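Chain by chain, the residues:
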Amino acid sequence: MISGRLLCLGEPLVEFSDAGDGSWRGGIGGDVSNVAIAAARQGADAAMLARLGDDAFGAMIRQVWDDEGVDHRHVAAVAGVETGLYFITYRDGAHHFEYRRAHSAAAQMQPQDLPEEAFAGVGVLHLSGISQAISTSAHAAADRAVALARQSGAKISYDPNLRLKLWPLERARAAAEATIAQADIVLPGYEDARQLTGLDRPEDILSHYRGLGAGLVAMTMGGQGVLVSFDQEVQHFSAPKVQEVDASGAGDCFDGAFLAQVLQGRGVPEAAQYATAAAALSVTRYGAALSVPTAQEVKAAFPDHVVPGCRA
């Protein structure tokens, strides 16, 4: 059984979403920050390890974390450096993302920026391919975090979260496979995993990642639910049918909800079934972090997917 705090390492961002009427809807994003918020909304003890600019946008992110109960005591505010931003527009029935992050505080994170005390009491360290891709120094910091987590006895959770605008496929593949070889829990999306492995059959992807050393792989497949490989078993958990409006944060919601349930003592099948329901509910709403439901909302919307004993 895994217990303790969830520590998420990576890049927090401020989000501006086009509301379609000439106005913009503000929020926060960044994949691992979304995971931390999702876990906190399910009742887990969640924390962030990152860097922010000493600016109004950094203060905005901290306020949201405070409101959500996400611990950010080890997130440094860096004077003279900006907090990263991104913009979402909706055109031709699709989301379009534009980022302003190249010189952000998070992109300048260094291995020496990670305080060892941040890993005390951590049950799971979660990071992603984006945590590694935003810069060479951030990649080195992510590697250092994995080493420190291992030293403290924490498990490693990893979502490859492929972003080809940040780095080429071959570099992303090498980083993903090296990290998965050290990971206990791997949480890929199917399309990312298909590109990274060159494999099409979901079962072959699960087998490949298990062969690298991952003890548990839970692969999200959009409206088809999630396929989970653990303890020599492969199980499929279907997603509730919903009216989708914005799926941009669904994978992060799944990751946070799944890890929260595992850290609260639920078995893998129960955690996967619950997290699939949470992710389904998130796609009925707009925004990355704003779309994440609370445990009470998941239970009310999909009582058949909340196994008795799940925290809700």
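Since the model is a prediction, treat every value here as computed from it, not as a measurement.

1. Regarding the nonpolar core
Grouped burial of nonpolar side chains is what soluble globular proteins tend to show. Ranked by internal contacts, the top residues of the largest apolar core, which has 54 residues, are Leu6, Met48, Trp65, Val228, Phe254, Phe258 and Leu259. Element by element, the count of residues in this core is highest for helix H9 (residues 268-282), at ten residues. Those residues in contact with Phe258 that sit more than four places away from it in its chain are Ile185, Leu187, Leu216, Val268, Ala271, Ala272 and Ala275. Counting residues in hydrophobic clusters, the runner-up holds 40 residues, among them Leu127, Ala141, Trp167 and Val186.

2. Remarks on unusual backbone geometry
The phi torsion of most residues other than glycine is negative, and most of the peptide bonds are trans. Even without being a glycine, Asn161 presents a positive backbone phi close to 35°. Tracing the sequence through the fold places Asn161 in the loop between strand E10 (155-159) and helix H5 (169-180). Backbone geometry places Gln232, a non-glycine residue, at a positive phi of 65°. Along the chain, Gln232 turns up in the loop between strand E13 (226-230) and strand E14 (233-237).

3. A word on the environment of Arg171
The topology assignment puts Arg171 in helix H5. For Arg171, a relative accessible area of 46% translates into the label partly exposed. A C-alpha to C-alpha distance of 17 Å links Arg171 and Tyr209, two positions 38 residues apart in sequence.

4. Details of H5
An α-helical segment advances 3.6 residues per turn. Residues three or four places apart therefore align on the same side. With twelve residues, H5 should reach 16 Å at 1.5 Å per residue; the first-to-last C-alpha distance of 16 Å fits that figure. Buried within H5 are the following residues: Ala172, Ala175, Ala176, Thr179 and Ile180. Down the axis of H5, the sector holding all buried residues measures 125°, keeping them to one side. The elements touched by buried residues of H5 are helix H3 (129-133), helix H4 (136-152), E10, strand E11 (185-186), helix H6 (190-197) and helix H7 (202-212).

5. Considerations on the pairing of E10
Summarising burial for E10: four of the five residues are buried, a large majority. Both strand E9 (residues 122-128) and E10 contribute to a ladder of five bridges, which runs parallel. Within the sheet, the bridge partner assigned to Ser128 lies in E10 and is Asp159. By the bridge criterion, two bridges tie E10 to E11 in an arrangement that is parallel. When the bridges of E11 are listed, Ser157 appears paired with Ile185.

6. Regarding the packing of aromatic side chains
Applying the stated criterion across every chain yields a total of seven aromatic pairs. Ring plane angle 75° and centroid distance 5.9 Å describe the contact between Phe16 and Phe57, whose orientation is recorded as edge-to-face. One end of the pair, Phe16, is in strand E2 (residues 13-18); the other, Phe57, is in helix H2 (residues 56-68), with 41 residues separating them in the sequence. Between Tyr86 and Tyr99, the ring centres sit 5.4 Å apart and the planes meet at 20°, which makes this aromatic pair stacked. Here Tyr99 lies in strand E8 (residues 94-100) and Tyr86 lies in strand E7 (residues 85-91), a separation of 13 residues in the sequence. By relative accessible area, Tyr86 is classed as buried at 4%. The exposure class of Tyr99 is partly exposed, given its relative accessible area of 32%. Through successive ring pairs, a cluster of aromatic residues spans Phe16, Trp24, Phe57 and Phe87. Here the basic side chain of Arg101 rests over the ring of Tyr99, its NZ or CZ set 4.2 Å away from the ring centre.

The rules behind each value
- Residues numbered from 1 in each chain as written.
- Predicted model: local features only at pLDDT ≥ 70, side-chain atom pairs only at ≥ 80, totals over all residues.
- Heavy atoms only, no water.
- Core = buried A, V, L, I, M, F, W, Y, C linked by side-chain atoms within 4.5 Å.
- Buried < 20%, exposed > 50% of the residue type's maximum accessible area, 1.4 Å probe, protein only.
- Helix = DSSP H or I, 4+ residues; strand = E, 2+ residues; numbered from the N terminus.
- Contact = heavy atoms within 4.5 Å.
- Expected span 1.5 Å × (residues − 1).
- Arc of directions from axis to C-beta.
- Pairing = 2+ DSSP bridges.
- Phe/Tyr/Trp six-rings, centres within 6.5 Å; stacked < 30°, edge-to-face > 60°.
- Lys NZ or Arg CZ within 6 Å of the ring centre and 35° of its normal.

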